[in-house]
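# A structural walkthrough
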4 protein chains.
Amino acid sequence: MSLRGVIPPLVTPFRADGALDLAAFEANVEALAAHDLAGFLVLGSNGEAAGLEEEEKRALVAAARRRAPGRFLLVGTGMESTRATVALTRRVAELGADAVLVLTPHYYKARMTADALRLHFETVADASPVPVYLYSVPAFTGLPWPPGLAPALAAHPRIAGMKESSGDVGLLGRIVSSVPKHFEVACGNALVFYPALCVGASGGVLAVANCVPRAAVALYRAFVAGDHARARRLQEALLPLAAAVATNHGVAGLKLAMGFAGLRGGEVRAPLQPAPPSALDELRPLLEKAERAV
Amino acid sequence: MSLRGVIPPLVTPFRADGALDLAAFEANVEALAAHDLAGFLVLGSNGEAAGLEEEEKRALVAAARRRAPGRFLLVGTGMESTRATVALTRRVAELGADAVLVLTPHYYKARMTADALRLHFETVADASPVPVYLYSVPAFTGLPWPPGLAPALAAHPRIAGMKESSGDVGLLGRIVSSVPKHFEVACGNALVFYPALCVGASGGVLAVANCVPRAAVALYRAFVAGDHARARRLQEALLPLAAAVATNHGVAGLKLAMGFAGLRGGEVRAPLQPAPPSALDELRPLLEKAERAV
Amino acid sequence: MSLRGVIPPLVTPFRADGALDLAAFEANVEALAAHDLAGFLVLGSNGEAAGLEEEEKRALVAAARRRAPGRFLLVGTGMESTRATVALTRRVAELGADAVLVLTPHYYKARMTADALRLHFETVADASPVPVYLYSVPAFTGLPWPPGLAPALAAHPRIAGMKESSGDVGLLGRIVSSVPKHFEVACGNALVFYPALCVGASGGVLAVANCVPRAAVALYRAFVAGDHARARRLQEALLPLAAAVATNHGVAGLKLAMGFAGLRGGEVRAPLQPAPPSALDELRPLLEKAERAV
Amino acid sequence: MSLRGVIPPLVTPFRADGALDLAAFEANVEALAAHDLAGFLVLGSNGEAAGLEEEEKRALVAAARRRAPGRFLLVGTGMESTRATVALTRRVAELGADAVLVLTPHYYKARMTADALRLHFETVADASPVPVYLYSVPAFTGLPWPPGLAPALAAHPRIAGMKESSGDVGLLGRIVSSVPKHFEVACGNALVFYPALCVGASGGVLAVANCVPRAAVALYRAFVAGDHARARRLQEALLPLAAAVATNHGVAGLKLAMGFAGLRGGEVRAPLQPAPPSALDELRPLLEKAERAV
């Protein structure tokens, strides 16, 4: 029950009319449960949490809990206000979340000082029935992670770690070396999963684990086994796919790629747009390259 | 019923326990209604819309409608998903909003291409019972406004204008000269209200209009009367206050300043933090400077 | 002898083999001298100063002095080191420069604090035989102008003003209202020339003044005469040309446009590349639009 | 004769009066020559090349060649113009440089497209008598490295590799996996030296190698020997020193730290300012921590 290993941030499949496709979601959970994953993240950035209604969020958490009994269930609950974050945290804990992942609030960027963020996370952790993981993803929030914030929060008994998705391995390494051992720092950026493990990441919350879970898990296992040559080779095999998903096509690309892998990505929700038809020909060989490397 | 003139983005007062203070909000609306304002904006960035619950939003809109009958009531309804934006737009129209202000979705920044934004705004406008104004505020969204988007949307019969809050007067001028006359471009940044009017802004949606409404209105009237010397003098008098509110202290500073002006700013909602005690001594002379210039 | 009025930042024409084309430069000076310009800037950003050798710089300054006797000759002398800036400042003063324009050093961005910049400018001004103008152009330097720096330097008897090229009219207005009257703040961005004048700019150092000097001067005169309607109309007519030059094609586009206007832009120096052939068809109507508006 | 191993970017000591202190420079070269370094970089960013005169550059190259016979001598020759870069490249080759390091030109940022940069580097390589290494350091240039540029240039017979100083390990890994094996990619950022090696960096050009050469070399050797645990421990020991030098104090901090290590950093050249007195107490324990880890 931790961020040690590989965790896919589950996508939220939508139907063509924009409605939640819960059946597709559950099918994905069951299919992925066959892999040696450390758990599942629901309501993350790749889960399009920013565009979900509250009742949809509840349905997704309940479904994940139902379809993956006994697996570590991490749920994104970060909202712009502290009180809304607390409320959602409590709700998903009741629905069976094992831990919550709390995104930095970011709308009022200039006001989100290290102190304001610290108070936010502490208040949420004080109120949370389950362990809290911090979540920084500057590509979406526009907010850099303040040096010194992780060690300040690591002392809280309910703050268990963080997901660092900037891709800045130097920052991740500095965070790891500034916190006690029990505080887990997961890498949230597949472009640097292997080097992040090298500097102490506990595991990875990786979009590509939705479509090539075997390759992502193989990389992690190779690292744990001390087989750096194999880990590096797997990282190189994952790079083009990770870049295509993260940089070129985003969630729509990830959902498309899942289709190739036999899962049900479904549609994205507007204003997100479908990946262009050309993405089909672009993604298929990248998936095959990643799979072949295992 | 338009963005011609000065409109205050109403703040949302909270009580010390974090709950909505609707009485304070209504008192502010009534006090401000005594001024020659072109209307009111509810649920804008300075209204802390990002941290409000849906039922709080409804209560605020209904209260504003009740306390300012006959005045132009503009309501912020931009959400991250198109469908949530449509739903909120319809709801506030039922509650009496005269028009809605739709923020650019921005969480998935790299995916918010000009095309994706155009489709978003068009879908909202197609579904809206009331006129739609576009809203760009890069300081909060991290998203620059794509050149060419305003003229592409100006043809829609229900898209009436936009609020441009970047402070980039060159951009505002280029938008004005690229759209038909009926499309109103309001300036959302008090640091450049006067020069924005000079290049064709229709009016201003200005945080400082909450605390020094007379000065903001006087600037607008001077400009309309062709008295550039007076307009420039009033702009200079507003500069330090606008800078202190926008740059130094944000919404918390604005709320504090409103207290000096006899209004009820109330508390901010966490994770926003109160302005430091030193802000008291800093803001008072700036308010007086702005008032004296009228 | 000041920044009151319109000043073209003279381009540096090169021959196809990359050598300086001094004859073309001199022809341009003579042609432009027929216009009601407040002076000339040599060795500015549009003069490709960053790519010139010291002897070329001397030749250009001497030639400009020779061909424009009695006109205000402003010369860019900012280098990365203070001592090199001092040395070049002294040399161009000997060659007849009436004043120097000193760019913010910027390579060691994080170290260029307000204090470091203040000491730099003061040392240069202490050593300069001629008045010193400060120069900020973040699009090239990546360095924002620190609030408070202009008023701190305005007290120096040899610091006469600054050229503010960010296009941020709010910043320019704040600088103007923070310095004594004698300190001139010129606008270095044609996209906002008219609104900058509205908030107190003394004049403009404008790339487009190389190719449409009549329109630029007409705008300035209209403003001085209080004819805001005409000034705004001229600004709108200049906008597309200024955007094409500043944003789309840079110095290469400016040089191409000069050709249409009967001047000799010449080639750019590598690594700058020529404007694409399509720029020909794009720029011609923009020039005509600007000319027609006079 | 390559970027395999550790290379210190030599600092340029100045005397209190701002003049070059060549004796101190030579003493440093001799002292550092006792270590197992792969060579020396002269005229890099940490060598304050941006603020050096041409004759000073020649003196430094000649001195380094004299004091380190037989060692790989890499010399920074990137200037803003292609022709100046070519000229300096030829000159330093005559003075004994084994290879040159060519910084991306960056003043005209928006114009420095991948094509413009490619032509620049190709022209320099065509004219260079010695191997050419590309150099990207966005913290100073404000210019990101275009994807696809390294593989496009790797085919040139005289382009031997690059120094990637952004600290973006994902980018470095992608470059490594896109170029042929003989193309060396050195890490120019000590915060990520170990993880960069993990993804295929050939070595490191590291500021801290000036003051703790033993620790930097030990890290490299541990990595080459497959001792990841020791390499990671050394990386952690270097982190706070690297951060203090790169982020907090820059070249002035590095020079101060060299003093503790028995070398002669000397003064920085204005507009760079000396490190504050407090840096003394801050840096000493960080140096000791790095040394102790060896």
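Residues numbered from 1 in each chain as written. Chains lettered and ligands numbered in written order. Predicted model: local features only at pLDDT ≥ 70, side-chain atom pairs only at ≥ 80, totals over all residues. Heavy atoms only, no water.

This brings us to the sheet that holds strand 4 (residues 99-103) of chain A. All names here are of chain A. The strand order across the open sheet formed by 8 strands is 1-8-7-6-5-4-3-2, and the pairing between neighbours is parallel. Of all the strands in the sheet, the pair left with one neighbour each is strand 1 (5-7) and strand 2 (40-42). Shown here is a sheet whose adjacent strand axes are inclined to one another by a mean of 25 degrees, direction ignored. (Pairing = 2+ DSSP bridges. Helix = DSSP H or I, 4+ residues; strand = E, 2+ residues; numbered from the N terminus. Axes fitted to C-alpha atoms, helices over the stretch in contact; angles between N-to-C directions.)

In the predicted model, chain A carries a mean pLDDT of 97, and the fraction of residues at 70 or more is 100%. As a predicted assembly, this complex carries a pTM of 0.97 together with an ipTM value of 0.97. (pLDDT = per-residue confidence, 0-100.)

Turning to the interface of chain B and chain A, a few remarks are in order. Contacts between the two partners involve 41 residues from chain B and, on the opposite side, 41 residues from chain A. Summed over both partners, the interface of chain B with chain A comes to about 3100 Å²; 59% of that surface belongs to carbon and sulfur atoms. If you sort the residues of chain B by the area they bury against chain A, Tyr107, Tyr108 and Pro271 of chain B come out on top, with a joint share of 25%. The tally of links between chain B and chain A comes to 14 residue pairs in polar contact (both at pLDDT 80 or more). (Contact = heavy atoms within 4.5 Å. Buried area = accessible area lost by both parts, 1.4 Å probe. Polar contact = N/O pair within 3.5 Å; in protein donor to acceptor, adjacent residues only side chain to side chain.)

This paragraph deals with the relation of the copies chain B and chain C. You can overlay chain B on chain C at an RMSD of 0.0 Å; the transform is a turn of 180 degrees with a shift of 0.0 Å along its axis. Taken together, the rotation and translation describe the operation of a two-fold axis. Ranked by how close their C-alpha atoms come to the rotation axis, the residues of chain B are headed by proline 195 of chain B, at 2.5 Å. Most of the interface of chain B is mirrored in chain C: 100% of its interface residues are interface residues there too. (Least-squares fit on C-alpha atoms with pLDDT ≥ 70 in both.)

A separate point is helix 9 (residues 213-224) of chain D. Residues and elements named next belong to chain D. The first and last C-alpha atoms of helix 9 sit 17 Å apart over 12 residues, in line with the 16 Å expected at 1.5 Å per residue. By the burial criterion, the buried members of helix 9 are Pro213, Ala215, Ala216, Val217, Ala218, Leu219, Tyr220, Ala222 and Phe223. Packed against the buried residues of helix 9 are strand 1 (5-7), helix 1 (22-32), helix 8 (193-198), strand 8 (203-205), helix 10 (228-260) and helix 11 (278-292). A positive phi of about 80 degrees marks glycine 226, the residue just after helix 9. (Expected span 1.5 Å × (residues − 1). Buried < 20%, exposed > 50% of the residue type's maximum accessible area, 1.4 Å probe, protein only.)

This part is about the interface of chain B and chain C. With 18 residues of chain B at the interface, the matching set in chain C holds 18 residues. Where chain B abuts chain C, roughly 1500 Å² becomes buried across the two surfaces, and 66% of that area is made up of carbon and sulfur atoms. Ranking the residues of chain B by area buried against chain C places Arg174, Cys198 and Arg232 of chain B at the top, with a combined share of 27%. Where chain B packs against chain C, one counts 0 salt bridges. Linking chain B with chain C are 1 residue pair in polar contact (both at pLDDT 80 or more), by the criterion used here. Looking at the side of chain B that touches chain C, the elements that each hand over two or more residues are helix 7 (169-176), helix 8 (193-198) and helix 10 (228-260) of chain B. Taken together, the residues that form the side of chain B that touches chain C break down as 10 nonpolar, 5 polar and 3 charged. (Salt bridge = Lys/Arg side-chain N within 4 Å of Asp/Glu carboxyl O. Nonpolar A, V, L, I, M, F, W, Y, C, P; charged D, E, K, R; others polar.)

As a further point, take the pattern of salt bridges. A side chain with one charge can pair with a side chain of the opposite charge if their charged atoms come near. If you walk through the whole model with that rule in mind, you get 60 salt bridges over all chains. The salt bridge involving glutamate 291 of chain B is made with arginine 214 of chain B; its shortest N-O contact spans 3.5 Å. Pair noted here: glutamate 291 of chain B is in helix 11 (residues 278-292) and arginine 214 of chain B is in helix 9 (residues 213-224), with a separation of 77 residues, a long-range link. Note on arginine 214 of chain B: relative accessible area 45%, which makes it partly exposed. A salt bridge links glutamate 48 of chain D to lysine 255 of chain D; its shortest N-O distance comes to 2.6 Å. Here glutamate 48 of chain D is found in the loop between strand 2 (40-42) and helix 2 (54-67), whereas its partner lysine 255 of chain D is found in helix 10, with 207 residues between them in sequence.

The next subject is the side chain of threonine 12 of chain A. All names here are of chain A. Relative to the elements of secondary structure, threonine 12 occurs in the loop between strand 1 and helix 1 (22-32). What makes threonine 12 buried here is its relative accessible area of 2%. Ignoring sequence-local partners within four residues, the contact set of threonine 12 consists of Leu20, Asn46, Gly47, Glu48, Leu52, Leu60, Lys255, Gly265 and Glu267.

What follows covers the environment of valine 132 of chain B. All names here are of chain B. One can find valine 132 in strand 5 (residues 132-136). Sequence spacing of valine 132 and leucine 280 is 148 residues, and the spatial spacing of their C-alpha atoms is 38 Å. Once residues within four sequence positions are removed from consideration, valine 132 is found in contact with Val100, Val102, Ala125, Arg158, Ile159, Ala160 and Gly161.

In an α-helix, one turn spans 3.6 residues; hence positions three or four apart end up facing the same way. Residue and element names in this part refer to chain C. For helix 11 (residues 278-292), spanning 15 residues, the distance from its first C-alpha to its last is 23 Å, which sits close to the expected 21 Å at 1.5 Å a residue. Where helix 11 is concerned, the buried positions are Ala279, Leu283, Leu286, Leu287 and Ala290. One face of helix 11 carries all of its buried residues, which in axial projection span an arc of 105 degrees. Structural note: helix 11 exposes Asp281 and Arg292 on the side pointing more than 90 degrees away from its buried face. Looking at the buried residues of helix 11, the elements they touch are helix 9 (213-224) and helix 10 (228-260). (Arc of directions from axis to C-beta.)

This part covers the sheet that holds strand 4 (residues 99-103) of chain B. Residue and element names in this part refer to chain B. If you trace the 8 strands from one edge of the open sheet to the other, you get 1-8-7-6-5-4-3-2, paired in parallel fashion. Of all strands in the sheet, those with a lone pairing partner are strand 1 (5-7) and strand 2 (40-42), marking the two edges. On average, each strand axis in the sheet is tilted by 25 degrees relative to the strand beside it, whichever way the strands run. Across 3 bridges, the pairing between strand 3 (residues 73-76) and strand 4 is parallel.

Attention now moves to the arrangement of the chains. With no contact between them, chain A and chain C keep their nearest C-alpha atoms 17 Å apart. Nothing in chain B touches chain D, and the closest approach of their C-alpha atoms is 17 Å.

Moving on: the nonpolar core. Val42 and Leu241 of chain A, Leu241 of chain B, Leu241 of chain C together with Leu241 of chain D are the most contacted members of the largest nonpolar core, which has 466 residues in total. Ignoring sequence-local partners within four residues, the contact set of leucine 241 of chain D consists of Val208, Cys211, Val212, Leu283, Leu286, Leu287 and Ala290 of chain D. (Core = buried A, V, L, I, M, F, W, Y, C linked by side-chain atoms within 4.5 Å.)

All right, on to the relation of the copies chain B and chain A then. Structural alignment of chain B on chain A gives an RMSD of 0.0 Å, achieved by rotating through 180 degrees and translating 0.0 Å along the axis. Mapped onto chain A, 100% of the interface residues of chain B again fall at the interface, so both copies present the same surface.

With that settled, the discussion passes to the packing of aromatic side chains. Counted according to the given criterion, the structure contains 20 aromatic pairs over all chains. Centre to centre, the rings of phenylalanine 121 of chain B and tryptophan 145 of chain B are 6.2 Å apart; their planes meet at 50 degrees, and the pair counts as tilted. With a gap of 24 residues between them, phenylalanine 121 of chain B in helix 4 (residues 114-127) and tryptophan 145 of chain B in the loop between helix 5 (138-141) and helix 6 (149-154) connect regions that are remote in the sequence. Ring-pair connections join several aromatic residues into one group, and the members of that group are Tyr107 and Tyr108 of chain A together with Phe140 of chain B. (Phe/Tyr/Trp six-rings, centres within 6.5 Å; stacked < 30°, edge-to-face > 60°.)

On to the pairing of strand 6 (residues 159-164) of chain A. All names here are of chain A. Within strand 6, 6 of the 6 residues are buried, leaving the element largely enclosed by the surrounding structure. Of the pairings in the sheet, the one linking strand 5 (residues 132-136) to strand 6 comprises 5 bridges and is parallel in character. Paired with valine 132 across the strands is isoleucine 159, a residue of strand 6. As paired strands, strand 6 and strand 7 (residues 184-187) are joined by 4 bridges and run parallel to one another. If you follow lysine 163 over to strand 7, its bridge partner there is alanine 186. Chirality of the crossover, the property in question, places the unit of strand 6, helix 7 (residues 169-176) and strand 7 among those that are right-handed. (Right-handed = clockwise from strand over helix to strand, strands pointing away.)

Right, let's get into the state of the cysteines. Each disulfide consists of one covalent bond between the sulfur atoms belonging to two cysteines. As enumerated under the stated definition, the model contains 0 disulfides over all chains in all. Unpaired in terms of disulfides, cysteine 211 of chain A finds its nearest cysteine sulfur in cysteine 187 of chain A, a separation of 16 Å. Its sulfur unpaired, cysteine 198 of chain B is 3.4 Å from the next cysteine sulfur, which belongs to cysteine 198 of chain C. The exposure class assigned to cysteine 198 of chain B is buried, which follows from its relative accessible area of 2%. (Disulfide = S-S within 2.5 Å.)

A few words now on the side chain of histidine 249 of chain C. Locating histidine 249 of chain C in the fold gives a position in helix 10. Side chain to side chain, histidine 249 of chain C and glutamate 282 of chain C meet in a polar contact 2.8 Å long. Apart from the residues within four sequence positions on either side, histidine 249 of chain C is in contact with Ala244, Pro276, Ala279 and Glu282 of chain C together with Arg111 of chain D.

On to the packing of helix 3 (residues 82-94) of chain B against helix 4 of chain B. Residues and elements named next belong to chain B. The contact between helix 3 and helix 4 brings their axes to 9 Å, and the two run at 30 degrees. As the angle between them shows, helix 3 and helix 4 are arranged roughly parallel. Crossing of helix 3 against helix 4: the hand is right-handed. Facing Thr82, Thr85, Val86, Thr89 and Arg90 of helix 3, the residues of helix 4 in contact are His120, Thr123, Val124 and Ala127. The class makeup of the residues in the contact of helix 3 with helix 4 is 3 nonpolar, 5 polar and 1 charged. (Parallel < 35°, antiparallel > 145°, perpendicular 65-115°, else oblique. Left-handed = near helix turned anticlockwise from the far one by under 90°.)

Moving on, we get to unusual backbone geometry. In the segment running from alanine 270 of chain B into proline 271 of chain B, the intervening peptide bond is cis, with an omega of 15 degrees. Relative to the helices and strands, proline 271 of chain B resides in the loop between helix 10 and helix 11. You will see that glutamate 48 of chain A, though not glycine, has its phi angle at about 55 degrees, which is positive. A relative accessible area of 3% places glutamate 48 of chain A in the buried class.

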